[in-house]
Number of protein chains: 2
Amino acid sequence: MTSPSRPGGRTARTREAVVRAAGDLLAEAGLAGVDLAEVARRAGVGRTTVYRRWGSVQALVADVVAEMIETSRPRADTGTIEGDLLENANLVAETLADPRQGALFAAFVGAAAADDHVASLLRSFYDARLAEWAPCVTDAVARGELPEGTDPVAVVAAVSAPLYYRRLTRGEAPERKDAELAAHAALAAARAGLFSA
Amino acid sequence: MTSPSRPGGRTARTREAVVRAAGDLLAEAGLAGVDLAEVARRAGVGRTTVYRRWGSVQALVADVVAEMIETSRPRADTGTIEGDLLENANLVAETLADPRQGALFAAFVGAAAADDHVASLLRSFYDARLAEWAPCVTDAVARGELPEGTDPVAVVAAVSAPLYYRRLTRGEAPERKDAELAAHAALAAARAGLFSA
């Protein structure tokens, strides 16, 4: 059961099942709910595999984040900043509105508050996402759509902020109209030069 | 030790110490860290008092939220929407930048993800705060500063959102410049009519 096999084969399937189970437990009960034996049971793999390949809750959570980064959608390139920001807003809103994913992000935020390692993993996720989408803004500046010196990360973060705020503080799933408002509000502020140095 | 006394006397001091200790534990270790016996020890009161007057973690957490609502600052009334939103943004930023308060909000968000009762308490806090500050926007509409039909709650929420996003997803304390940007970005969107029906 624990012998490695070809890429995409049993080893990959084991990792996928274990990471999925760890994410499910995190979403359901927070960091305190992630127990290696329970992860093994839910993933349908031997405890020995989980203890040998991951060995700690930290390592499991790191792989949950790595998997979130790997499976994230690439930046949009619609040709306009409005189109790109709308796609970004819809992606974030759909992710947060998904019951499992929304709960997973809320659990991460809660866990990060009490655990520096989780906080650092969570920041690495957002760094990766901001780096992926920031070129939408630099492209828009190059096309003359936004003022010179517009901070790309600030614009992309401004799109996400109201959607996260809604989900995290009120437990409400953002809807399509919330996504559209988030994109247009960020765009209005960017056009007004509020995100330029 | 447990006999009630006059308002503002021993009973009030006991409540204050217990609620403070419960909030400290919540900020340090999340909901799982709130233990009635430990709360009593930190508050310097008898366990019997805590068990008899609160009896459950839920009741303690409800009082932490009640205290947050009671001690929140009233709305600003500077005479302009820009002034009012800047005061609101500074208040939110200072609260989230405070190590204990910032950790407390992050812990609440994490706990709300896994506990419907905490989620409902947290919503009651935000409902109270939004209701307190919404008149800044209705006053501004009456003064002709913002378009008719501007949604007051949406504007106030838009000021908070980037400050919470920064604190919750990146663990970064919002600074004064972040507060100013949050207020001005919300104002730009409101003036552009994005928050009107």
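Residues numbered from 1 in each chain as written. Chains lettered and ligands numbered in written order. Predicted model: local features only at pLDDT ≥ 70, side-chain atom pairs only at ≥ 80, totals over all residues. Heavy atoms only, no water.

A few words on the packing of helix H1 (residues 10-29) of chain A against helix H6 (residues 99-114) of chain A. Residue and element names in this part refer to chain A. Between H1 and H6, the least distance of the axes is 8 Å, while the angle of their chain directions is 70°. In terms of axis orientation, H1 runs roughly perpendicular to H6. For the pair H1 and H6, contact is made by Val19, Arg20, Gly23, Asp24, Leu26 and Ala27 and by Arg100, Ala103, Leu104, Ala107 and Phe108, respectively. Of the residues in the contact of H1 with H6, the class split is seven nonpolar, one polar and three charged. (Axes fitted to C-alpha atoms, helices over the stretch in contact; angles between N-to-C directions. Helix = DSSP H or I, 4+ residues; strand = E, 2+ residues; numbered from the N terminus. Parallel < 35°, antiparallel > 145°, perpendicular 65-115°, else oblique. Contact = heavy atoms within 4.5 Å. Nonpolar A, V, L, I, M, F, W, Y, C, P; charged D, E, K, R; others polar.)

On to the interface of chain B and chain A, then. The interface of chain B with chain A comprises 29 residues on the first partner and 29 residues on the second. Together, Tyr165, Thr169 and Arg170 of chain B form the three largest contributors to the area buried by chain B at its contact with chain A, with a combined 26%. Inspection of the chain B/chain A interface yields two salt bridges. At the junction of chain B with chain A, the criterion picks out four residue pairs in polar contact (both at pLDDT 80 or more). Looking at the side of chain B that touches chain A, the elements with two or more residues in it are helix H1 (10-29), helix H6 (99-114), helix H7 (116-142), helix H8 (152-170) and helix H9 (176-191) of chain B. Top contributing element to the side of chain B that touches chain A by residue count: H8 of chain B, with nine residues. Among the residues forming the side of chain B that touches chain A, the class breakdown is 21 nonpolar, four polar and four charged. (Buried area = accessible area lost by both parts, 1.4 Å probe. Salt bridge = Lys/Arg side-chain N within 4 Å of Asp/Glu carboxyl O. Polar contact = N/O pair within 3.5 Å; in protein donor to acceptor, adjacent residues only side chain to side chain.)

Here we take up the domain arrangement of chain A. Reports often express the size of an interface as the amount of accessible area lost when the parts come together. All names here are of chain A. The domains assigned to chain A are domain 1 (9-68) and domain 2 (72-191). Residue-level contacts link 14 residues of domain 1 with 14 residues of domain 2. Across the domain 1 to domain 2 interface the summed buried area is about 1200 Å²; carbon plus sulfur atoms make up 72%. Among the residues domain 1 hides against domain 2, the three largest losses belong to Ala27, Val65 and Met68. Together they make up 47% of the total. On inspection of domain 1 and its partner domain 2, the count reaches one salt bridge. Two residues, Arg100 and Asp24, come together in a salt bridge whose shortest N-O distance is 2.4 Å. For the pair domain 1 and domain 2, the number of links is three residue pairs in polar contact (both at pLDDT 80 or more). Elements that contribute at least two residues to the side of domain 1 that touches domain 2 include exactly H1 and helix H4 (57-70). Split by residue class, the side of domain 1 that touches domain 2 holds nine nonpolar, three polar and two charged. (Domains from an automatic or database assignment.)

So, on to the relation of the copies chain B and chain A. Its rotation angle being 180°, the transformation that places chain B on chain A also includes 0.0 Å of axial translation and leaves an RMSD of 0.0 Å. Within this description, the copies of the chain are treated as partners about a two-fold rotation axis. When C-alpha positions in chain B are compared against the rotation axis, the closest is assigned to Gly110 of chain B, at 1.6 Å. Looking at the interface residues of chain B, 100% of them are also at the interface in chain A, so both copies use one shared face. (Least-squares fit on C-alpha atoms with pLDDT ≥ 70 in both.)

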